[in-house]
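# Breakdown of the fold
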Amino acid sequence: MAEAIEAPRFSSDLSGRVALVTGTTSGLGKRFAHVLAQSGAKVVLTGRRVERLEEVKAQIEGLGGTAIALPLDMTDADNIKQVVADAAAAFGTVDILINNAGIPDAQRAHKMEVDLIDRVIDTNLRGPYILAAEVAKRLIAAEKPGRIVNIASVAAYRYDGNGAALYSITKRAIARMSEALAVEWARYNINVNGIAPGAFMTEMLEGMLERMGDFSKHFPRKRICTAEQMDSTLLFLLSPSSECVTGTVITVDDGQGGR
């Protein structure tokens, strides 16, 4: 008689979980927030554009989800720490963090003003690092497991000289941050992983298309992916199936050549 095989452990049920997502006013962050809310998590929406945050909150609540909107400037360390505290006061300890916020530089390295250099580094790297550490600190104190997903980019693995060198540098650092923090926090059952998207249709990408024209004709499948095509990767990294997956960066680029 064949030995019984245990059923797969994949589940997208996030009931009872508290998820903080950065950059939820548009693009992938907005989609991530909706997906997590529809999967049962209480979602903390963050971003700089307050009106848009409230719009996303209303959309989620209109679909039966639970969310709060907290303004967040990723260049402000005190604001980052306060948002984590406010999230905990509203919903309990944050046990899912999606570090999604980021800005492009879109300038040649030798032409960038120092204030822009600081903003890109602070938003894309320093802020996410502080936020991850603040979330982990509270999880460790509460002796709770957690999942952190950092959004990198295929730009972390290639740069074609198009004037976004610092963006590429910071996204490579985010990938390495995911690997290093996974090792440090494994003993506390906090899984840290990353997703490196290729070209997905977002507000940021629409601006690039306006400046550069339709570059999807150079892609193997001649298309640009949509945000919902990231859902399964995100949910996998938050599900019981990925319990042993930590320190991994998954490239999702539709064969565009991310490495």
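Scroll up a little and you will see the structure.
Below or above, wherever it landed, is the structure these notes cover. (Residues numbered from 1 in each chain as written. Predicted model: local features only at pLDDT ≥ 70, side-chain atom pairs only at ≥ 80, totals over all residues. Heavy atoms only, no water.)

## Describing the sheet that holds strand β4 (residues 96-99)
Read from one edge to the other, the open sheet built from seven strands follows the order β3-β2-β1-β4-β5-β6-β7, with strand pairing classed as parallel. Each having just a single partner strand, β3 (66-71) and β7 (249-252) make up the two edges of the open sheet. Adjacent strand axes in the sheet meet at a mean angle of 15° when their direction is disregarded. Where β4 lies against strand β5 (residues 146-151), four bridges are found, and the strand directions are parallel. Bridge pairing in β5 links Asn 99 to Asn 150. Docked against the sheet, helix α7 (residues 231-238) engages β4, β5, β6 (190-197) and β7, running at close to 170° with respect to β6. (Pairing = 2+ DSSP bridges. Helix = DSSP H or I, 4+ residues; strand = E, 2+ residues; numbered from the N terminus. Axes fitted to C-alpha atoms, helices over the stretch in contact; angles between N-to-C directions. Contact = heavy atoms within 4.5 Å.)

## A short note on the packing of helix α1 (residues 27-38) against α7
Their axes nearest at 11 Å, the elements α1 and α7 cross at an angle of 55°. Classed by the angle they form, the pair α1 and α7 counts as oblique. Crossing geometry of α1 relative to α7 is assigned as right-handed. Between α1 and α7, the residues in contact are Arg 31, Phe 32, Val 35 and Leu 36 and Asp 231, Leu 234, Leu 235 and Leu 238, respectively. Classifying every residue of the contact of α1 with α7 gives six nonpolar, no polar and two charged. (Parallel < 35°, antiparallel > 145°, perpendicular 65-115°, else oblique. Left-handed = near helix turned anticlockwise from the far one by under 90°. Nonpolar A, V, L, I, M, F, W, Y, C, P; charged D, E, K, R; others polar.)

## Focus on unusual backbone geometry
Phi angles above zero are rare outside glycine, and Glu 143 is one such case at about 55°. With respect to the helices and strands, the residue Glu 143 is situated in the loop between α4 (114-142) and β5. The backbone phi angle of Asn 189 is positive, close to 60°, even though this residue is not glycine. Looking at the element boundaries, Asn 189 is found in the loop between α5 (165-185) and β6.

## Remarks on α7
The buried fraction of α7 is high, at six of eight residues. Within α7, the full set of buried residues consists of Asp 231, Thr 233, Leu 234, Leu 235, Leu 237 and Leu 238. (Buried < 20%, exposed > 50% of the residue type's maximum accessible area, 1.4 Å probe, protein only.)

## Observations regarding the side chain of Ser 239
Inspection of the secondary structure assignment puts Ser 239 in the loop between α7 and β7. Residue Ser 239 is classed as buried on the basis of its relative accessible area, which comes to 1%. In contact with Ser 239, other than residues within four places in its own chain, are Phe 10, Ser 11 and Arg 147.

## Digging into the layout of surface pockets
Size it by volume and the second largest pocket reaches roughly 260 Å³. Every residue lining the second largest pocket is counted, 15 residues in all, and those nearest its centre are Pro 145, Gly 146, Arg 147, Asn 189 and Glu 243. Of the residues that constitute the lining of the second largest pocket, the class distribution is four nonpolar, five polar and six charged. (1 Å grid on protein atoms, 1.4 Å probe; cavity = no way out; pocket = protein on both sides within 12 Å on 5 of 7 lines; lining within 4 Å. Points joined across faces, edges and corners; volume = space filled by probe spheres on them.)

## Side note on α1
End to end, α1 covers 17 Å across twelve residues, agreeing with the expected 16 Å (1.5 Å per residue, within 8%). Every buried residue belonging to α1 is among Leu 28, Gly 29, Phe 32, Ala 33, His 34, Val 35, Leu 36 and Ala 37, and all of these are buried. In the stretch just after α1, Gly 40 is the one whose phi turns positive, near 110°. (Expected span 1.5 Å × (residues − 1).)

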